[in-house]
Amino acid sequence: MRIFDSYMMVDWSANSKAKTGPDSIWIAWGSSKSSIKLFNPETRANAMRIIEELLSKASGKVLAGFDFPFGYPSDAYEKLEISTWSELWDTLTRLIEDSQDNSNNRFEVAELLNKNFKSDGPFWGYPRSQQIKFKHLPFYKPKGFGNNLPAEKRLVEKLIRRTKSAWQLNGVGSVGGQTLLGIPCVNLLKQKFDSSVWPFTNIDSKVVFAEIYPAIWLSLIHI
């Protein structure tokens, strides 16, 4: 028996400028009654408008997947003075500023959160052009993960070697920027619809938001 009537899969992006094509936002939408539709909005603001419209018009139950981590390793929360996943989401929603043209403050927010830790990190990485700006955000991967810093990866990420840490904000395949900018967007969507977030809550709502990692299939082939 089918659990969901419609499916949305979102390939998110942390671009600071409007962009389409490779390394930009892609949205796939399909249902049992229609073929798959693809959208490639040039900004996160446009993506949100498309997503809201699709969810508003959907009939039946929807699975909405986003390809970035929905949280951080559990040993980081105490230092961040955060007790639950929803509190983390609300904190990032309050701190992140993401403009209509994709300009945003993700590196500044990462630097602010890093101040909760005695060592440099755990967030790291940024474009070389911005190197002078940051005193509490290291350019290179810091030492001390799992010791004076929280774990580098969540338990689920340790199962697959190719996964990137949510602490890494820049570089090929990095997902940290998408996490900082994506969680607030899903949080806002959560508040607008009858929804739940798997695996943190049950899936009895009309819209179920879930973290996805499509590239895992290629990884599993080589395990």
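Refer to the structure presented above.
Definitions and cut-offs
Residues numbered from 1 in each chain as written. Predicted model: local features only at pLDDT ≥ 70, side-chain atom pairs only at ≥ 80, totals over all residues. Heavy atoms only, no water. Helix = DSSP H or I, 4+ residues; strand = E, 2+ residues; numbered from the N terminus. Buried < 20%, exposed > 50% of the residue type's maximum accessible area, 1.4 Å probe, protein only. Contact = heavy atoms within 4.5 Å. Areas by Shrake-Rupley, 256 points an atom, 1.4 Å probe, with all protein chains shown as cover. Lys, Arg positive; Asp, Glu negative; His and termini not counted. Charge placed at Lys NZ, Arg CZ, Asp CG, Glu CD. Phe/Tyr/Trp six-rings, centres within 6.5 Å; stacked < 30°, edge-to-face > 60°. Salt bridge = Lys/Arg side-chain N within 4 Å of Asp/Glu carboxyl O. Polar contact = N/O pair within 3.5 Å; in protein donor to acceptor, adjacent residues only side chain to side chain. Core = buried A, V, L, I, M, F, W, Y, C linked by side-chain atoms within 4.5 Å. Expected span 1.5 Å × (residues − 1). Bend = angle between axes of the 7 residues up to and from the residue.

Engineer: Looking at this model, I keep getting lost on the overall build of the chain. Mind explaining?
Structural biologist: When helices and strands are tallied, the chain shows five helices and six strands. Ordered by position in the sequence, the α and β elements of the chain form the string β-β-β-α-β-α-α-α-β-β-α. For the C-alpha atoms alone, the extent of the chain along its principal axes is close to 55 × 35 × 35 Å. Across the 223 residues in the chain, those meeting the buried criterion constitute 49%. Across the chain, every contact between residues at least 6 apart in sequence was considered, and the portion connecting residues at least 24 apart equals 57%. Per element, the accessible surface of the chain, about 12,200 Å² overall, is 54% carbon and sulfur. Across the chain, the mean location of the 28 positive side-chain charges is 4 Å away from that of the 23 negative side-chain charges.

Engineer: Whenever I open this one, the packing of aromatic side chains confuses me. Can you help?
Structural biologist: The geometry of an aromatic ring pair is captured by the separation of the ring centres together with the interplanar angle, meaning the angle of the planes. Evaluated as defined, the whole model comprises 16 aromatic pairs. A ring pair is formed by Trp12 and Phe68, whose centres lie 6.4 Å apart and whose planes are at 55 degrees; its orientation type is tilted. Of this pair, Trp12 sits in the loop between strand E1 (6–11) and strand E2 (26–31) while Phe68 sits in the loop between strand E4 (62–66) and helix H2 (85–95); the two residues are 56 residues apart in sequence, bridging distant segments of the chain. Considered together, Trp12 and Phe68 belong to a single accessibility category, that of buried residues. A centroid spacing of 4.8 Å and a plane angle of 90 degrees characterise the contact between Phe139 and Tyr140, whose relative ring orientation is edge-to-face. When its relative accessible area of 56% is taken as the criterion, Tyr140 is described as exposed. Each member of the aromatic cluster is reached from another via a ring pair, and the members are Trp12, Phe66, Phe68, Phe70, Trp85, Trp89, Phe200 and Phe209.

Engineer: Teacher, can you tell me more about the side chain of Lys61 here?
Structural biologist: Within the secondary structure, Lys61 sits in the loop between helix H1 (44–57) and E4. One buried charged side chain, Lys61, makes no salt bridge at all; its nearest oppositely charged neighbour is Asp204, positioned 5.7 Å away. From its side chain, Lys61 meets the backbone oxygen of Ile203 in a polar contact 2.5 Å long.

Engineer: What is the right way to read the nonpolar core from this model?
Structural biologist: If you look at soluble globular proteins, the nonpolar side chains tend to sit buried side by side. Among the nonpolar cores identified, the biggest contains 56 residues, and Trp12 and Phe66 are the most heavily contacted of them. Ignoring any residue separated from it by four or fewer positions in sequence, one finds Trp12 in contact with Ser24, Ile25, Arg44, Ala47, Ile51, Phe66, Asp67, Phe68, Gln178, Leu181, Gly182 and Cys185.

Engineer: What's the story with unusual backbone geometry in this structure? I'm lost.
Structural biologist: The phi torsion of most residues other than glycine is negative, and most of the peptide bonds are trans. The omega torsion across Gly121 and Pro122 is 10 degrees, close enough to zero to call that bond cis. One can find Pro122 in the loop between helix H3 (106–114) and helix H4 (176–192). In this structure, the amide linkage connecting Trp198 to the following residue, Pro199, adopts the cis form with an omega of 10 degrees. Considering the arrangement of structural elements, one finds Pro199 in the loop between strand E5 (195–198) and strand E6 (207–211).

Engineer: Looking at this structure, how should I read the environment of Lys17?
Structural biologist: With respect to the element layout, Lys17 can be found in the loop between E1 and E2. For the pair Lys17 and Asn104, spaced 87 residues apart in the sequence, the C-alpha separation amounts to 9.3 Å. The contacts of Lys17, once residues within four sequence positions are left out, are Glu42, Asp101 and Asn102.

Engineer: Please clarify how H4 should be interpreted in this entry.
Structural biologist: Given 3.6 residues per turn, any residue in an α-helix points the same way as the ones three and four places further on. When the terminal C-alpha atoms of H4 are compared, their 25 Å separation across 17 residues agrees well with the 24 Å that a helix rising 1.5 Å per residue should span. Along its length, H4 reaches its greatest deviation from straightness, about 30 degrees, at Gly182, and the proline Pro184 lies no more than four positions downstream. Counting buried positions along H4 gives 13 out of 17 residues, so the element sits mostly inside the fold.

Engineer: Is there a simple way to think about the pattern of salt bridges in this case?
Structural biologist: Note that side chains of opposite charge can pair when their charged atoms are close. Summed over all chains, the structure comprises six salt bridges. Notably, a salt bridge pairs Asp98 with Arg44, separated by 2.5 Å at the nearest N-O pair. Of this pair, Asp98 sits in the loop between H2 and H3 while Arg44 sits in helix H1, and the two are 54 residues apart along the sequence. In this structure, Lys57 engages Glu53 in a salt bridge whose closest nitrogen and oxygen atoms are separated by 3.0 Å. Of the two residues, Lys57 and Glu53 both sit in helix H1, four residues apart, roughly one turn of that helix. With relative accessibility at 64%, the residue Lys57 sits in the exposed group. For Glu53, a relative accessible area of 44% puts it in the partly exposed group. A cluster of three or more residues bridged by salt bridges with shared partners is formed by Arg154, Glu157 and Glu211.

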